[in-house]
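# Residue-level structural notes
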Amino acid sequence: MTSSGENLTATAERERLTAALREAVDAGLPASISDLSHLVRIPSVSWAAFDDSRVAQSAEAVAALARGLEVFEQVTVERAPIGDGGELGQPAVLATRAARNGRPTILLYAHHDVQPPGRDEDWRSAPYEPTVRGDRLYGRGAADDKAGVMAHVSAIRALVEVLGRDFDLGISLFIEGEEESGSRSFANFLELHRERLAADVIVVADSDNWDETTPALTVGLRGNVTMRVTVTTLGHASHSGMFGGAVPDAAMAAIRLLSTLWNEDGSVAVDGLTADAAEYPDYPESQLREEAALLDGVSPIGDGEILSRIWSKPAITVTGIDAPSVANASNTLAPSISVKLSARVAPGQPAAEARAALEEHLATHVPFGARVVVDDVDEGDGFLVDTSGWAVAEAERAMADAWGRRPVEMGVGGSIPFIAELVERFPSAQILVTGVEDPDSRAHSPNESLHLGVFRRAILTEALLLARLDARS
Ligand SMILES: [Zn+2]
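One structure accompanies this document, and this report is about it. Residue numbers restart at each chain and count upward from 1, following the sequence in its written direction. Since the coordinates come from a predicted model, pLDDT governs what is reported: local features require at least 70, and pairs of side-chain atoms require 80 or more to be given and counted, while whole-chain, interface and lining totals use all residues. The basis for every side-chain value is the complete set of heavy atoms in the structure, and neither hydrogens nor water enter the calculation.

### Looking at the overall build of the protein chain
Helix and strand assignments come from DSSP, with helices taken as H or I runs of at least 4 residues and strands as E runs of at least 2, each series counted from the N terminus. What the protein chain contains, in helices and strands, is 13 helices and 18 strands. The C-alpha radius of gyration computed for the protein chain amounts to 25 Å, which stays within 12% of the reference 23 Å derived for 473 residues, consistent with globular compactness. With the C-alpha coordinates aligned to their principal axes, the bounding extent of the protein chain is approximately 95 × 45 × 45 Å. Throughout this description, buried means an accessible area under 20% of the type-specific maximum (1.4 Å probe, protein chains only), exposed means over 50%, and partly exposed covers the range between. A burial count over the protein chain gives 51% of its 473 residues as buried. Here the Shrake-Rupley method, with its probe set to 1.4 Å, supplies the accessible areas, and only the displayed protein chains count as covering residues. Per element, the accessible surface of the protein chain, about 21300 Å² overall, is 50% carbon and sulfur. Our radius of gyration is a C-alpha quantity, and the globule rule it is checked against amounts to 2.2 Å times the number of residues to the power 0.38.

If you want it as C-alpha cells, here you go:
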C-alpha cells in the first residue's frame, strides 16, 4: 500500500474509533449522571468541623465505581500521614493497572471531597439532593469535583465498551479526599505511593472551561499566600474621648498600613511581587461586570488587559478583620486589630518569594511605629504548563474533536497548590489541567451546578485521549 493509502486507512480508523467512542459516551451518559448523583448525595466535606465518616463513605463509593470498571489490578483506599505527625489525612482512592507493550501510563486525578454547603436557604434545591433544572445538575460537588471523578470513570467505561478490557494503556486513577481542606497529606501520599502513581501524562480534572461550548486547557495557575497581620498600638483600651486625637488606635494604624498595599487604581503596590506575560483571549469589561456582578458605577481595578490582571498579576484581598463588631462598638480606642490577608501570586513566582516581599512591605510601611506581627502564614506555588509537549497537542486535538471547537489555553486566577507538588514529585510527566466546570458552575458557592453538555463533551475528550494514548507507541 502507498503511504497515502496508509494515511487514508489511519484516518478512516481514527474516525471509526472517534465515532464509536462518541456513541459509547452518549449511551453511557444516563448511568454517568446517576452515579454522579449518588456521589453528590454523600456530604463528603473534608473540613475538620464536619463528620469525616462521610468522606470515608464517599471514598468507598468511588472505590466501588473503580472496581466496577474491572480494568485495574489494584483498587485501594489509602490515608497518608500529615506532616511528620501521627494524624492521618482523609482517604483517597488509588486504582492502578500497569502499561504493556511500551504504551504510556496516564494518571487521572480528581477529588471526591467537597466544600461546606453554606446556608440551606441560599440554595434553590437542597445541596445534597442532586436536581436537574434545564441543562444543569445542581448540588454540592456536582461540578467540583465529583463530576471530575465521574468524567474519569465514564471515559474508562467508554474505552472498555469500544476496546474491551485487554488494552495496553497503563492507568492510575487517583481520587483525593482532602483537596478542599488544603491537601495536607498530599506530599506524603505521593511519596508513599510514588510507584503506583508514576505516569507519563497526568490529567488533573479540576479546572474550568472557557464557556459551555468552548473547551479550555488550563496552562497557568496563580499561587497564593495567606497570613494574619496583627497591628497593636496600645497596652490597653482607653476611652476615645480621653486620648483620641493624641494616640493612634489600632484600627487607624491597620487601615493606614493596609491602604499602602494598593495603588490609586487598585493594582498591587508591593515591590517584589512579579507579573507574568501571556497571550489573552478577548474578554470585554461588560463580561467581567456581568460575571463578577460588579455594580453599575463601580469601576474595575488594576491595569492592562483584564485577563492579565486575573491570570498573570498579583492580587491582595483583605478576607477578614477581627475588630470590635458594630453591635459592640463603644467609644473606645482599640489596642489591637487582626487582619487576614490573602494574596494571589503570579504564575512563575515562588510563593515563598512573594511572602517575603509582602512581609518586607508590611514591616517598612507600618505607620506611627505600631507593632506588627505576622503569623498563621500559608502558601502554595502557582504553576505554568510547558505547552510544547506531545500530550498537550493530543489533549487539544481530543478537545477539538469532542467539542467541535479549538480549545482556549487559559490561565486561572485561583490556586491549585498541589499541582506544583505533583510537578515536583514527577518532573518528567506531562501535565494536563482539564475540567468539567464552566463560568456558571459556581463551585464553592450555593447553587453549584454542572452543565450536562459540558460533562458529556469532557467525558468524550478524555475517552478520545485514552484511546489515542493506547494506540501510541
Ligand atoms: Zn476542586
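### Remarks on the sheet that holds strand β5 (residues 136-138)
Taken in spatial order, the three strands line up as β4-β5-β18 in an open sheet, and their pairing is antiparallel. The open sheet has two edge strands with one neighbour each: β4 (131-133) and β18 (449-451). Averaged over neighbouring strand pairs, the angle between their axes works out to 25° when direction is ignored. By the convention used here, strands pair only if DSSP detects at least 2 bridges between them. For β5 and β18, the ladder comprises three bridges, and the chain directions are antiparallel. Throughout, an axis means a line fitted to C-alpha atoms (over the contacting stretch in the case of helices), and angles, computed between N-to-C directions, take values from 0 to 180 degrees.

### Some details on the pattern of salt bridges
Salt bridge, as applied in this entry: a Lys or Arg side-chain nitrogen positioned within 4 Å of an Asp or Glu carboxyl oxygen. Scanning all chains against the criterion turns up 23 salt bridges. In this structure, the salt-bridge partner of Asp303 is Lys313, at a minimum N-O distance of 3.3 Å. With Asp303 in the loop between α8 (285-292) and α9 (306-311) and Lys313 in the loop between α9 and β11 (315-322), the pair connects residues that are 10 residues apart, well separated along the chain. Take Asp303: its relative accessible area is 38%, and that puts it in the partly exposed class.

### As for helix α2 (residues 53-69)
Take the number of residues in a helix, subtract one, and multiply by 1.5 Å to get its expected span. Taking 1.5 Å of rise per residue, 17 residues should cover 24 Å, and α2 covers 25 Å from first to last C-alpha, within 8% of that figure. Burial in α2 covers these residues: Val55, Ser58, Ala59, Ala61, Val62, Ala63, Leu65, Ala66 and Leu69. One or two steps after α2, the chain reaches Glu70, where phi turns positive at roughly 55°.

### A few points about the nonpolar core
Remark: nonpolar core denotes a set of buried residues (Ala, Val, Leu, Ile, Met, Phe, Trp, Tyr, Cys) joined through side-chain atoms within 4.5 Å. Core analysis: the biggest nonpolar cluster contains 104 residues, and Phe72, Ile106, Phe174 and Leu422 have the highest contact counts within it. It is helix α13 (residues 452-470) that provides the largest number of residues to this core, a total of 12 residues. Contacts of Phe72, omitting those with residues within four sequence positions, involve Ala66, Ala95, Thr96, Arg97, Ile156, Ile171 and Leu173. Counting 26 residues, the second-largest nonpolar core is a separate cluster that includes Leu257, Val270, Val345 and Ala351. For this analysis, residues touch if any pair of their heavy atoms sits within 4.5 Å.

### Topic: the coordination of the zinc ion
For Na, K and Ca the donor cut-off is 3.2 Å, while for other metals it is 2.8 Å, and in both cases only N, O and S atoms qualify; water is not among them, so sites may look incomplete. Listed as protein donors to the zinc ion are His111 (NE2), Asp144 (OD), Asp206 (OD) and Asp206 (OD); their distances from the metal cover 1.9 to 2.7 Å. Just to be clear on the cut-offs, tetrahedral is four donors with all angles between 85 and 135 degrees, square planar is four donors and octahedral six with opposite donors over 155 degrees apart and all others between 65 and 115, and anything else goes down as irregular. For the zinc ion, the four donor atoms in the first shell make angles of 51 to 145° at the metal, so the coordination geometry reads as irregular. All donors to the zinc ion come from one chain, and their sequence spacing reads H-x32-D-x61-D. Separated by 62 residues along the polypeptide, Asp144 in the loop between β5 and α3 (146-163) and Asp206 in strand β7 (residues 201-208) bring together distant segments of the chain. An identical accessibility class is assigned to Asp144 and Asp206; each is buried.

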